[in-house]
Amino acid sequence: MSLKELLKKKETAIVAQWFDRVVNTYQLDTSRFLKSQKDAFANPVGNTLLQGLKAVFDETTDRMDNETVISFLDPIIRIRALQDFSASKAVGFVFFLKEIIREQTAKETQGNAALQAEMLLFESKIDELALTAFDIYMQCREKVYEIKANEVRNRTFTAFHRAGLVADWEEEPRH
Amino acid sequence: MADDLLKPDELLARTDHRPPATGWMDTPVNIRKGMYCYAANPKSVEYLSLPYARQWNPVEDDWKLPENWKQIIFEGIRDRLDRFRSFKIFMDICVRCGACADKCHFFIGTGDPKNMPVLRAELLRSIYRNDFTTAGKIFGKVAGARPMTAEVLKEWWYYFFQCTECRRCSVFCPYGIDTAEITIIARELLNLLGLNIDWIATPVANCFRTGNHLGIQPHAFKDMLEFFVDDLEEITGIRVEPSFNRKGADILFITPSGDVFADPGTYTCMGYMLLFHYLREKYGFDITWSTYASEGGNFGFFTSHETMKRLNSKMYAEAKRLGVKWILGGECGHMWRVIHQYMDTMNGPADFLEEPVSPITGTKFENARGTKMVHLSEFTADLIKHGKLELDPSRNDNLKVTFHDSCNPARGMGLLDEPRYVIKNVCKHFYEMPPNTIRENTFCCGSGSGLNAGENMELRLSGGLPRANAVKYVHEKHGVNMLACVCAIDRAVLPPLMDYWVPGVDVTGLTELVANALILPGEKERETNLRGEPLPGMEE
Amino acid sequence: MNAKYMFSLVAVIVLFLLAYAGVEGAGLHVLFGILIPYAAIAVFTVGFVWRIVNWAQSPVPFRIPTTCGQQKSLTWISPAAIDNPATNGAVVIRMILEILLFRSLFRNLKFHFNEGNRFSYIWEKWLWLGALAFHWAFLAVVIRHLRFFAEPVPFWVQWVEQLDSFFRVEFFTDFLQIGLPGIFLSGLVLLAAAVYLLLRRIIIPQVKYISLAADFFPLFLIIGIALSGIAMRYFLKEDIVGIKEFTMGLVTFHPSIPANVSGIFYVHLFFVSVLLAYFPFSKLMHLGGIFMSPTRNLANNSRTQRHVNIWNYPVKVHTYEEYEEEFREKMIEAGLPVEKEL
């Protein structure tokens, strides 16, 4: 059995475990909410995770098409880029997959040189995935700062100021 | 974002290890960058003669509180318990059933458990129990009580400025407990110690002085609208003539000042001007703008009941001075909550005005006969129903529109079907978002109640996730590319929200859509919409 | 293990031991049978009235109903007459739906996203059902117990009893004889619903996180009341006639201690007494508070009828005159009309 087939066979268990560990990066009470609430609109975070992780896993075991990977990773990281995570924690969930796969396939890979070689290749795919995740993370952060900067620009309403049309708090109001 | 970097060995450690959960009372507040707004500028606080104006910084340890701050808070709570039955009852009767817990957009988006409405309220309730109830005094923590400390105060400040007073939780509460009401009171208490945010305090000071939040002086206000007159002439070939501070006009028009200066609200403003011009040409409609009451919004509402009243007083005062018959109000969310549920009580009775009647259709606005102020959507829906507007909806054919119910008109008024009726008559493609995200279940934009500052962008974008998520759904399913709304804050904050979550969806006010479809007598063949973009079929 | 519910559980166990040992061991029949019940009733009555009066003393300054549907505006737009009531009559209906059917909890209607883009509705009904079962069963139990406090037993109490026991099972063993007396559904439903509400607080993490000891205590107490009641009725077969003589004695202020009544009866009575005395000082006052909640009990007619705030006071405003004074020059220059020329 090739690694690909093996992973396909164990897909459900692997994705479930991955989802679990990602959700566990949240505070206890929040993580239970993320797991239990099935409504996509009441629980967009949990739902994005569940749908996204499964698709990313599929793609990684399959063609690993960059565009497609990005389209599934993006929504997950877009959320984490805003939440209370450091950069490493926001994207580090990708590496959970390595550990999970090692655990899940330990029995089969033991003493199977071919599988082990395949495994090494697969792990470098995960590294690639992590780098892509980091790119997306940076894009999201840059987007946030771009939005912030635009808001500041809009709000200083330069034109008004230049024309001296705005009551400034520097000059005291006349009474 | 955590500011402190992790050490390599920490990075290697399993990142999903979590410390044992602590009870919420024992979890100290962590004031995180991107989630809070800057402290109020002391000049603004001073100008309003509000107490304890000073420079202070939320992330510093010392908030420079007055010596007797605990006493001030204690007396502040006591005074409000005596004045607000809502406050007293909402402090007493919550059974913590948890129905509200997952209804808050901030909880859903940030995942912070203290953003569950019940817990947000418990932050204040725990102090109330400690100081004002027998059970709390005797049993302390067991009864859910805890003493007031500087930590608790910081927690209040952090979380009561993470509530947009949207009332969604109140819809699902079996006793109607309204977190907005609790947040309003909590912010009043914080203001007793000078702990406002600048994005609220400075607009309020501006509004008090110049009549609008932006500090636009009277001549500049007029100038801005005259810029729009030029733009409109270019687009339609017709020169509209808005009038200002005109005594003897039939009707006074008041809209949020955001419409006058911030895109895309400006297009809504141009829409108002076209609509009024059309009505004047066809039916002799007589309306005036005011520079003194040039703000519909009321950030005083996010400061204290008293400040709300001080700002709101200008509406009736100006209507009286100009001698108009009644007031027409533009598209704004919390402005309408204040007008609908507070204005007449605070600054009425408006016995110097007449019961509003549409001079064009003769419709009596029975529902506004006391307050004498009519919502533009009610007014426009009535015009369309009576066939008084000549419309060409095909001009909006490039738009696939969905409608975002703003929290205040939805849950503090019930303005749901009027705007929908208008949209359906001026656009051919209209799609609703999923039912648990619209009408009384609508999700907040994440930036209401004065939280639309720039520095708290992470808070705003994560709080807006549930709304954006529903937009994304109709965007992907029906190709929706335009999000319509009747709120100036929405028009200011939904574009960045869409930019982050659902690129490809733009934001518009209702009247902009109406004005695009409106066929003016004697207009030239229109090639562009109010934004200067080519109309469908006019692309090069 | 959670300190919050352990504390409450231990408190209820201590109460049980107090009453049981007090009667069976120390023979304090008069204390637990007469003095404490009278005191509890007094505390409940005075406390309840005091709370309601206390709430009523705070005015309702603003009309702030939460509107949950279309307002009444233009004649051709149909309003949500009940969820957004425009008249006091409609408010009454809204309140009835809220109080009798828990309308707001019922709203927990949710949307479910299946694989792909298909939708289905999930009715998030368990909290609503559990709460409804709990409260209605409680009411039925209270009404049934009125049989002990009135002679002759009012016809409507008998009706409730008949309705309650329509579900007859005849099941006899040496130990357990179900069907004799007839099963009262309400007691069992009350017990089941209370256990559900308790488990919810222990198992669902969000609810556990927000729960206080004060949320567990009444649940344990009510479970204790239900258990002791069920035990007396179906297992111990207490002397009903003796108990009725005793309760009628309490009602007529000629209390006497019955013979042949077990310690469990006193435990039951003591639990009820504690619940009554605890009631006015706890969240259980939601029974009274729901009637006075301003977001539910007001009509959404504030633009039609003026609502008066009794403490409305004048505030410092920025008048037009002050405004014109500051900007007059610029206003004249811009061609804006002014009250006073330069």
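None of these values were measured; they are calculated from a predicted model. (Residues numbered from 1 in each chain as written. Chains lettered and ligands numbered in written order. Predicted model: local features only at pLDDT ≥ 70, side-chain atom pairs only at ≥ 80, totals over all residues.)

1. Some points on the interface of chain B and chain C
Part 1 of the reasoning: Counting residues at the interface gives 88 residues for chain B, matched by 76 residues for chain C.
Part 2 of the reasoning: Here the element with the most residues in the side of chain B that touches chain C is helix α15 (residues 305-322) of chain B; it accounts for 7 residues.
Part 3 of the reasoning: Residue composition of the side of chain B that touches chain C, grouped by class: 37 nonpolar, 23 polar and 28 charged. (Contact = placed C-beta atoms within 7 Å. Helix = DSSP H or I, 4+ residues; strand = E, 2+ residues; numbered from the N terminus. Nonpolar A, V, L, I, M, F, W, Y, C, P; charged D, E, K, R; others polar.)

2. Thoughts on the packing of helix α6 (residues 117-132) of chain B against helix α8 (residues 150-160) of chain B
Residue and element names in this part refer to chain B.
Part 1 of the reasoning: Look at α6 against α8: their axes get within 10 Å of each other, and the N-to-C directions meet at 150 degrees. Viewed along their axes, α6 and α8 adopt a mutual orientation that is roughly antiparallel. For the crossing formed where α6 meets α8, the hand is left-handed. Contacts between α6 and α8 involve Arg120, Leu123, Leu124 and Ile127 on the former and, on the latter, Val152, Glu155, Trp156 and Tyr159.
Part 2 of the reasoning: Partitioned by chemical class, the residues of the contact of α6 with α8 number 6 nonpolar, no polar and 2 charged. (Axes fitted to C-alpha atoms, helices over the stretch in contact; angles between N-to-C directions. Parallel < 35°, antiparallel > 145°, perpendicular 65-115°, else oblique. Left-handed = near helix turned anticlockwise from the far one by under 90°.)

3. Side note on the sheet that holds strand β4 (residues 373-375) of chain B
Residue and element names in this part refer to chain B.
Part 1 of the reasoning: On the basis of which strands lie adjacent, the open sheet formed by 4 strands has the order β2-β1-β3-β4 and parallel pairing. Of all strands in the sheet, those with a lone pairing partner are β2 (287-289) and β4, marking the two edges. In this sheet, adjacent strand axes meet at a mean angle of 30 degrees when their direction is disregarded.
Part 2 of the reasoning: Two strands pair when backbone bridges link them, and strand β3 (residues 326-329) and β4 are joined in this way by 3 bridges, in the parallel orientation. When the sheet's bridge partners are listed, Ile327 is paired in β4 with Met373. (Pairing = 2+ DSSP bridges.)

4. A few points about the confidence of the model for chain C
Part 1 of the reasoning: Considering every residue of chain C, the mean pLDDT works out to 88; 90% of them sit at 70 or more.
Part 2 of the reasoning: This stretch, residues 111-121 of chain C, has a pLDDT under 50; its non-local contacts, to residues over four places away or in other chains, come to 20 contacts. (pLDDT = per-residue confidence, 0-100.)

5. A word on the packing of helix α1 (residues 3-25) of chain C against helix α2 (residues 29-57) of chain C
Residue and element names in this part refer to chain C.
Part 1 of the reasoning: Following both chains from N to C, one finds α1 and α2 inclined at 125 degrees, their axes separated by 7 Å at the closest point. Of the possible angle classes, the one that applies to α1 and α2 is oblique. Of α2, the residues touching α1 (which contributes Ala19, Gly22 and Val23) are His29, Leu31 and Phe32.
Part 2 of the reasoning: The residue inventory of the contact of α1 with α2, partitioned by class, reads 4 nonpolar, 2 polar and no charged.

6. Digging into helix α17 (residues 376-385) of chain B
Residue and element names in this part refer to chain B.
Part 1 of the reasoning: Buried residues dominate α17, accounting for 8 of its 10 residues.
Part 2 of the reasoning: Every buried residue belonging to α17 is among Leu376, Ser377, Glu378, Phe379, Thr380, Ala381, Asp382 and Leu383, and all of these are buried.
Part 3 of the reasoning: Structurally, α17 contributes buried residues whose contacts are with β3, β4, α19 (417-426) and α23 (510-517).
Part 4 of the reasoning: The positive-phi residue at the C-terminal boundary of α17 is Gly387, with phi of around 65 degrees. (Buried ≥ 20, exposed ≤ 12 C-beta atoms within 10 Å, placed from the backbone.)

7. Overview of the sheet that holds strand β5 (residues 401-403) of chain B
All names here are of chain B.
Part 1 of the reasoning: Sheet architecture is open: 3 strands sit in the order β5-β6-β7, paired in parallel fashion. The open sheet is flanked by β5 and β7 (506-509), the only strands paired with a single partner. Ignoring which end each strand starts from, the neighbouring axes of this sheet average 35 degrees apart.
Part 2 of the reasoning: Examined bridge by bridge, strand β6 (residues 482-485) and β7 share 4 bridges and lie parallel to one another. The residue bridging Cys485 from the neighbouring strand is Gly509, located in β7.
Part 3 of the reasoning: In the packing of α23 onto the sheet, the strands contacted are β6 and β7, and the crossing angle to β7 comes to about 80 degrees.

8. Some words on the environment of A:Ala87
All names here are of chain A.
Part 1 of the reasoning: Within the secondary structure layout, Ala87 lies in helix α6 (residues 87-109).
Part 2 of the reasoning: Take Ala87: there are 17 C-beta atoms within 10 Å of it, and that puts it in the partly exposed class.
Part 3 of the reasoning: Considered as a pair, Ala87 and Tyr137 are 50 residues apart in the sequence and their alpha carbons are 7.6 Å apart.

9. Some thoughts on the nonpolar core
Part 1 of the reasoning: Membership of the largest hydrophobic core comes to 286 residues, with the highest contact counts inside it found for A:Ile77, B:Leu274, B:Ile327, B:Ile423, B:Met498 and C:Ala194.
Part 2 of the reasoning: For this core, the element with the most residues is helix α9 (residues 213-236) of chain C, which contributes 11 residues. (Core = buried A, V, L, I, M, F, W, Y, C linked by C-beta atoms within 7 Å.)

10. Observations regarding unusual backbone geometry
Across the chain, the bulk of peptide bonds are trans and the bulk of non-glycine residues have phi less than zero.
Part 1 of the reasoning: For the bond running from B:Asp263 to B:Pro264, omega is 0 degrees, close enough to zero to count as cis.
Part 2 of the reasoning: Locating B:Pro264 in the fold gives a position in the loop between α13 (258-261) and α14 (265-283).
Part 3 of the reasoning: Each neighbour pair has its own omega, and for C:Glu151 with C:Pro152 the value is 0 degrees, a cis peptide bond.
Part 4 of the reasoning: As for its placement among the helices and strands, C:Pro152 is situated in the loop between α5 (126-145) and α6 (155-164).

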